[in-house]
Amino acid sequence: MSATITSEGWSTAPAALAANAGRFLALARSVPPDTMVTAHWTVTDTLAHLVSLAWYYVRLVDPASEPLPVPGLDERLPLVTVDTVADANDLVLSHLTERDPGPLLDRLRQDVDRLLAGCADRRPDEVVPWLGDARVPLAGLLAHLVNELLVHGHDIARAGRRPWTLPPRDAVLFLELFLAGVIRHGYGRLLDGVDPPRRPRIVVLFTSAYSAPLTIALDHGRVRFAAPDERPDVTIRFDPATLNLMMFGRVSRARAVLTGRVRIGGPRPWLLPPFLRVFRTPS
């Protein structure tokens, strides 16, 4: 897969964000706000979290916009790793104390609209700073928010016994635009905190019916794009929704594999666990 963002990918990301924001808002309105949707968050806690992300992303696109009311946040965010994202979320939510669903829903809708408007005339590969001193292209920024809506929508729907789907063409944007984008432009400190595996180089091929193949190498502890003709150690054939839910701890690896929605192959499949200890997301 090319590490560049195509015009098709750029047109897909804003459309996916607009559509899934609308679906998410309708879902959130249909479930009682005090319903526990994870071990620690209610519906309104989840809304506040998504509000904080959309608010922060608007400011990344427009630095003149209102900052989040969290003292010291700008100094702390570049130091965040995958393993300390939860601490940063707790800090932000301790300062965003609104838990009335009405204002939260309104704010989320408004900031999604602001974000889409702010990106409309920008290049998809224009880069903004992100957590952990990573660099994210604008298309990847939108794709990340799409994934947040899809995964947290899954949480709310399951708790409220409501229908919810993760459309595969929208779910795949997380890998295709966000993860590929931070690998290309630099992921900073995000993956710090884990010793690299003993094997100096592990190559993994990700393939799906919904995106071009993506080959990633873990090379002496650093994640990079592999050469297109490099033979992979591991192949992963995946359903995008299942892969994302697995990466964020909503579906176990065993269940993902047993259902056939994530298929592991290649000559050295046993190298996948050490690869995923480094190439990981918050779960």
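Everything here concerns the structure above.
Conventions adopted
Residues numbered from 1 in each chain as written. Predicted model: local features only at pLDDT ≥ 70, side-chain atom pairs only at ≥ 80, totals over all residues. Heavy atoms only, no water. Axes fitted to C-alpha atoms, helices over the stretch in contact; angles between N-to-C directions. Helix = DSSP H or I, 4+ residues; strand = E, 2+ residues; numbered from the N terminus. Parallel < 35°, antiparallel > 145°, perpendicular 65-115°, else oblique. Left-handed = near helix turned anticlockwise from the far one by under 90°. Contact = heavy atoms within 4.5 Å. Nonpolar A, V, L, I, M, F, W, Y, C, P; charged D, E, K, R; others polar. Salt bridge = Lys/Arg side-chain N within 4 Å of Asp/Glu carboxyl O. Core = buried A, V, L, I, M, F, W, Y, C linked by side-chain atoms within 4.5 Å. Buried < 20%, exposed > 50% of the residue type's maximum accessible area, 1.4 Å probe, protein only. Phe/Tyr/Trp six-rings, centres within 6.5 Å; stacked < 30°, edge-to-face > 60°. Pairing = 2+ DSSP bridges. Polar contact = N/O pair within 3.5 Å; in protein donor to acceptor, adjacent residues only side chain to side chain. Expected span 1.5 Å × (residues − 1).

Student: Give a detailed account of the packing of helix α6 (residues 138-160) against helix α8 (residues 173-185), specifying residues and quantitative values.
Tutor: Taken N-terminus to C-terminus, the directions of α6 and α8 make an angle of 135 degrees; their axes are 8 Å apart at the nearest point. It follows that α6 is oblique to α8 by the angle criterion. Here α6 runs over α8; the crossing is left-handed. Packed against α6, whose contacting residues are Ala139, Gly140, Ala143, His144 and Asn147, the element α8 presents Leu173, Phe174, Leu177 and Phe178 at the interface. Considered class by class, the residues forming the contact of α6 with α8 number six nonpolar, three polar and no charged.

Student: Describe the pattern of salt bridges, and please don't skip the residues or the numbers.
Tutor: When charged atoms on two side chains of opposite charge get close, those side chains can pair. Under the counting rule described, the total for this entry stands at 16 salt bridges. Glu66 is paired through a salt bridge with Arg107; the nearest N and O atoms lie 3.8 Å apart. Separated by 41 residues along the polypeptide, Glu66 in the loop between α2 (43-61) and α3 (73-76) and Arg107 in helix α5 (residues 101-119) bring together distant segments of the chain. One salt-bridge network, held together by shared partners, links Glu66, Arg107, Asp111 and Arg114.

Student: An account of the nonpolar core is needed here, citing residue identities and associated values.
Tutor: Grouped together as the largest cluster of nonpolar side chains are 100 residues, with contacts concentrated most on Leu115, Trp130, Leu141, Phe206 and Phe275. A per-element tally of this core places α2 first, with 13 residues.

Student: Which residues make up the packing of aromatic side chains, and what values go with them?
Tutor: A full pass over the atoms with the stated rule returns seven aromatic pairs. Between Phe206 and Phe238, the aromatic rings sit 6.4 Å apart at their centres with planes inclined by 75 degrees, giving edge-to-face as the arrangement. Here the residue Phe206 occupies a position in strand β3 (residues 201-208), and Phe238 occupies one in strand β6 (residues 234-238), the gap between them amounting to 32 residues. Note on Phe206: relative accessible area 4%, which makes it buried.

Student: Tell me what's going on with the pairing of β6, and back it up with residues and numbers.
Tutor: Only one face of β6 is buried, namely the one carrying Val234, Ile236 and Phe238, since none of Thr235 and Arg237 on the opposite face is buried. In the sheet, β6 pairs with strand β7 (residues 262-265) via four bridges, with the strands oriented antiparallel. When the bridges of β7 are listed, Ile236 appears paired with Ile264.

Student: Now, about the packing of α2 against α6: what can you tell me, with residues and values included?
Tutor: One way to put it is that α2 packs onto α6 with a least axis distance of 11 Å and a crossing angle of 175 degrees. It follows that α2 is roughly antiparallel to α6 by the angle criterion. Residues Val43, Thr46, His49, Leu50, Leu53, Ala54, Tyr57, Leu60 and Val61 of α2 pack against Leu138, Leu141, His144, Leu145, Glu148, Leu149, His152 and Ile156 of α6. Its residues assigned to classes, the contact of α2 with α6 shows 12 nonpolar, four polar and one charged.

Student: Help me get a handle on the side chain of Thr35, residues and values and all.
Tutor: Mapped onto the fold, Thr35 is located in the loop between α1 (7-29) and α2. Side-chain polar atoms of Thr35 contact the backbone oxygen of Pro32, separated by 2.8 Å. Beyond its immediate stretch of four places on either side in the chain, Thr35 contacts Trp41, Thr42, Val43 and Ala159.

Student: Run through the environment of Val172, naming residues and quoting values.
Tutor: When you line up the elements, Val172 lands in the loop between α7 (168-171) and α8. Val172 sits in the buried class, given a relative accessible area of 2%. Val172 has contacts with Tyr210, Ser211, Phe238 and Pro240, leaving out every residue within four places of it along the chain.

Student: Just give me the short version of α8, but keep the residues and values in it.
Tutor: Compared with an ideal rise of 1.5 Å per residue, which puts 13 residues at 18 Å, α8 spans 17 Å between its outermost C-alpha atoms and is within 8% of the ideal. Along α8, 10 of the 13 residues are buried, which leaves the element largely enclosed by surrounding structure. When α8 is considered as a whole, its buried residues turn out to be Leu173, Phe174, Leu175, Leu177, Phe178, Leu179, Ala180, Gly181, Val182 and Ile183.

Student: Describe the side chain of Asp233, naming the residues involved and giving the relevant values.
Tutor: Structurally, Asp233 can be placed in the loop between β5 (222-225) and β6. Residue class for Asp233 comes out buried when judged on its relative accessible area of 4%. At 2.7 Å, the side chain of Asp233 forms a polar contact with the side chain of Arg268. Non-local contacts of Asp233, meaning those with residues more than four positions away in its chain, are made with Arg199, Arg201, Ile202, Val203, Gly265, Gly266, Pro267, Arg268, Pro269 and Leu271.

Student: Go over the sheet that holds β7, please, and point to the residues and values.
Tutor: Strand order in the open sheet made by the five strands is β5-β4-β3-β6-β7, with mixed pairing throughout. Edge positions in the sheet fall to β5 and β7, since each has one partner strand and no second. Pairwise comparison of adjacent strand axes, ignoring direction, gives a mean angle of 20 degrees for this sheet. Where β3 lies against β6, four bridges are found, and the strand directions are parallel. Looking at β6, one finds that Val204 is bridged to Val234.

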